[in-house]
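Chain by chain, the residues:
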Amino acid sequence: MKQKWIGTQIVLNNITNNSLHKNDNLKKKLATAKEALNLDALMIWSDINKKDLDLVRKICIEFKIKTYLWYPILADISGFKVEREQSVETFDRLHGYGRNGCWDKLGKGEEDFLFLCPNDEEHIRRIFDQYQNKIKESGFDGVFLDRIRFPSPSNGFELLFSCFCKPCLDKFYNKYSEDLENYRYQAKTVFEKFKTIDINYLQICQSFSDIIIQDNLEKFYDFRKQNIYQVVKIFADKAKQMGKLVGVDLFAPSLAPLVSQDYQLLAKTCDWIKPMIYCHTSSPAGLPLELYCFIRAILDINPALDEGQLIREISRIIGVDLPAQINDLLKNGISEHIIYSEMQKIREFSLPEKVDIYVGIEAVQIPGLCNITDKILKKYLRSVIEADIKGMVLSWDLLKIPDENLQLAGDILLT
């Protein structure tokens, strides 16, 4: 079997302020990952000071591991606090989080998933300045761009119908010579429709786009896709001008339209794509949580719908059998077999051959969010091998991946 490209991600906070023992542990962890996996690349979360970064890069150079600046653009940006009123605006003038289906842990941890509008030029410019300074001082081999999207179902169903802020109104008029306020009304109409739909509405839908993009909203959602592409291009182009490789973190193809990530557009900006096909994660971007929040929202908006029928239709649309009850999504996750169907969707995009696909799967054990056992990891790795994927990113924090999982991955992938 041809050896696969393998990367992983790491979050480090002021490691040099802690004991030398912790620094030794970091080197030991990276040595274990290199020995077990022949690790190719490490994506380092941007919230790290120069001294700590130099230490990590020195270790990575010793082990011949490429380093990437893991940089979030539109939410949870290091050194930049997004206030609720600064975040994207829904058709009914909500900001940040919606009322239906919103994950109950949002805003209660280190990351709040409050998304800036990609048309907020003033704040994007400040973030970009910080970003390019970080690249200049670092010596990274590349950048890995994250949070490059609109809010997902875990932010609340209403956030799927955003953004209608002043910069969006101005830009939409300049682009189309139309008033975006008319689309605000149409978005509200589509949302209100969910209060009275029956199962027949879903039975004619072939994708999540079909569920949401109704009643002449195509231009509005094309506008959203273009806005995400344009902001990613600005950041990616700067990295390329500086001789860096560019990777992007994207939702699984089935869900990507909900957050306006267009694989074909974004492939123009990067060297590789990491589709987040997380089957056992109860946090944003994880398929179980996003599907749970999506289904929960529709049931809350329209209690007359039958839960079992709704789940069966969502199962059909996503191409894998989901648990019969919504609460079991978070308990049991979904089948790793979805990797096959999601990869097939990517192949159908006919992306440029020069853009590599490195599938993102979880390998962490984090209480309450994700617990990848050896049994689950074996299923993941078999799916990756059988789907003939060029590479993978073991997600999403090396320090939370047990050594046993690293060794198991190496045993399966390198033999």
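Residues numbered from 1 in each chain as written. Predicted model: local features only at pLDDT ≥ 70, side-chain atom pairs only at ≥ 80, totals over all residues. Heavy atoms only, no water.

So, the overall build of the protein chain
Here is step 1: Secondary structure assignment for the protein chain yields 15 helices and ten strands.
Here is step 2: Compactness check: the protein chain gives a C-alpha radius of gyration of 21 Å against a globular reference of 22 Å for 415 residues, within 12% of the reference.
Here is step 3: Looking at the protein chain as a whole, 60% of its 415 residues qualify as buried.
Here is step 4: Contacts in the protein chain between residues far apart in sequence, at least 24 positions, make up 80% of those at least 6 positions apart.
Here is step 5: Here the protein chain has roughly 17,100 Å² of accessible surface; of this, 46% comes from carbon and sulfur atoms.
Here is step 6: The distance from the centre of the 54 positive side-chain charges to the centre of the 58 negative ones in the protein chain is 4 Å. (Helix = DSSP H or I, 4+ residues; strand = E, 2+ residues; numbered from the N terminus. Rg over C-alpha atoms; globule rule 2.2 N^0.38 Å. Buried < 20%, exposed > 50% of the residue type's maximum accessible area, 1.4 Å probe, protein only. Contact = heavy atoms within 4.5 Å. Areas by Shrake-Rupley, 256 points an atom, 1.4 Å probe, with all protein chains shown as cover. Lys, Arg positive; Asp, Glu negative; His and termini not counted. Charge placed at Lys NZ, Arg CZ, Asp CG, Glu CD.)

Examining the packing of helix H3 (residues 121-138) against helix H8 (residues 218-241)
Here is step 1: It is at 10 Å that the axes of H3 and H8 come closest, and there the two elements cross at 20 degrees. Our classification of the angle between H3 and H8 gives roughly parallel. Judged by the twist between their axes, the crossing of H3 over H8 is right-handed. Two secondary-structure elements touch here, H3 through Ile124, Ile127, Phe128, Tyr131, Gln132 and Ile135 and H8 through Val231, Ile234, Phe235, Ala236, Lys238 and Ala239.
Here is step 2: Partitioning the contact of H3 with H8 into residue classes produces ten nonpolar, one polar and one charged. (Axes fitted to C-alpha atoms, helices over the stretch in contact; angles between N-to-C directions. Parallel < 35°, antiparallel > 145°, perpendicular 65-115°, else oblique. Left-handed = near helix turned anticlockwise from the far one by under 90°. Nonpolar A, V, L, I, M, F, W, Y, C, P; charged D, E, K, R; others polar.)

A look at the nonpolar core
Here is step 1: Counting 154 residues, the largest nonpolar core has Leu145, Phe157 and Ile211 as its most contacted members.
Here is step 2: Looking at this core, the element that brings in the most residues is helix H10 (residues 287-301), giving eleven residues.
Here is step 3: If we ignore the near neighbours within four places in the chain, the residues touching Leu145 are Tyr71, Ile73, Tyr131, Val232, Phe235, Ala236, Val246, Gly247, Val248 and Asp249.
Here is step 4: The next biggest cluster of nonpolar side chains, apart from the first, holds ten residues, and it includes Met43, Tyr68, Trp272 and Val393. (Core = buried A, V, L, I, M, F, W, Y, C linked by side-chain atoms within 4.5 Å.)

Considering the pairing of strand S3 (residues 66-72)
Here is step 1: For S3, a buried count of six out of seven residues is recorded, marking the element as mostly surrounded by other parts of the structure.
Here is step 2: Sheet analysis places strand S2 (residues 41-45) next to S3, joined by five bridges and oriented parallel. The residue of S3 that forms the bridge with Ala41 is Lys66.
Here is step 3: For the handedness criterion, the β-α-β arrangement of S3, H3 and strand S4 (residues 142-146) is classed as right-handed. (Pairing = 2+ DSSP bridges. Right-handed = clockwise from strand over helix to strand, strands pointing away.)

Re the packing of helix H4 (residues 166-176) against H8
Here is step 1: For the pair H4 and H8, interaxial distance at closest approach is 12 Å and the crossing angle is 105 degrees. Considering their axes alone, H4 and H8 lie roughly perpendicular with respect to each other. Taking contact as the criterion, the partners of Cys168, Lys171, Phe172, Lys175 and Tyr176 in H4 are, on H8, Lys219, Phe220, Asp222, Phe223, Asn227 and Gln230.

Concerning the pairing of strand S10 (residues 391-395)
Here is step 1: Taking burial as the measure, the five residues of S10 include five buried ones, the bulk of the element.
Here is step 2: Side chains of S10 alternate between two faces, with Gly391, Val393 and Ser395 and Met392 and Leu394 buried alike.
Here is step 3: Pairing between strand S1 (residues 5-10) and S10: four bridges, direction parallel. Each residue of the ladder has a partner; that of Trp5, found in S10, is Gly391.
Here is step 4: Here five bridges tie strand S7 (residues 356-362) to S10, and the two strands are oriented parallel to one another. Pairing of Val359 across the sheet is with Met392, part of S10.

Quick notes on empty space enclosed by the protein
Left-over empty space is what a probe sized like a water molecule reveals as it rolls over the atoms.
Here is step 1: Applying the stated criterion across every chain, the model contains one cavity of 30 Å³ or more.
Here is step 2: Its boundaries defined by the atoms lining it, the largest cavity holds a volume of some 40 Å³.
Here is step 3: In terms of lining, the largest cavity is formed by Leu160, Phe208, Ser209, Ile212, Ile213, Tyr221, Pro257 and Leu258.
Here is step 4: A per-element tally of the lining of the largest cavity places helix H7 (residues 208-212) first, with three residues. (1 Å grid on protein atoms, 1.4 Å probe; cavity = no way out; pocket = protein on both sides within 12 Å on 5 of 7 lines; lining within 4 Å. Points joined across faces, edges and corners; volume = space filled by probe spheres on them.)

Considering the pattern of salt bridges
Here is step 1: Summed over the entire model, instances satisfying the criterion amount to 20 salt bridges.
Here is step 2: In this structure, Glu178 and Lys219 form a salt bridge, with 2.5 Å as the shortest nitrogen-oxygen distance. Here the residue Glu178 occupies a position in the loop between H4 and helix H5 (180-193), and Lys219 occupies one in helix H8, the gap between them amounting to 41 residues.
Here is step 3: Classification of Glu178 by relative accessible area gives partly exposed; the value is 24%.
Here is step 4: The network of salt bridges with shared partners includes Asp76, Glu111, Asp146 and Arg147. (Salt bridge = Lys/Arg side-chain N within 4 Å of Asp/Glu carboxyl O.)

A word on the layout of surface pockets
Here is step 1: The calculated volume of the largest pocket comes to roughly 1,000 Å³.
Here is step 2: For the largest pocket, the lining is made up of 39 residues, of which Glu110, Glu111, Phe113, Arg147 and Trp396 are closest to its centre.
Here is step 3: When contributions to the lining of the largest pocket are tallied by element, the ones reaching two or more residues are strand S5 (245-251) and strand S6 (272-276).
Here is step 4: Partitioning the lining of the largest pocket into residue classes produces 17 nonpolar, seven polar and 15 charged.

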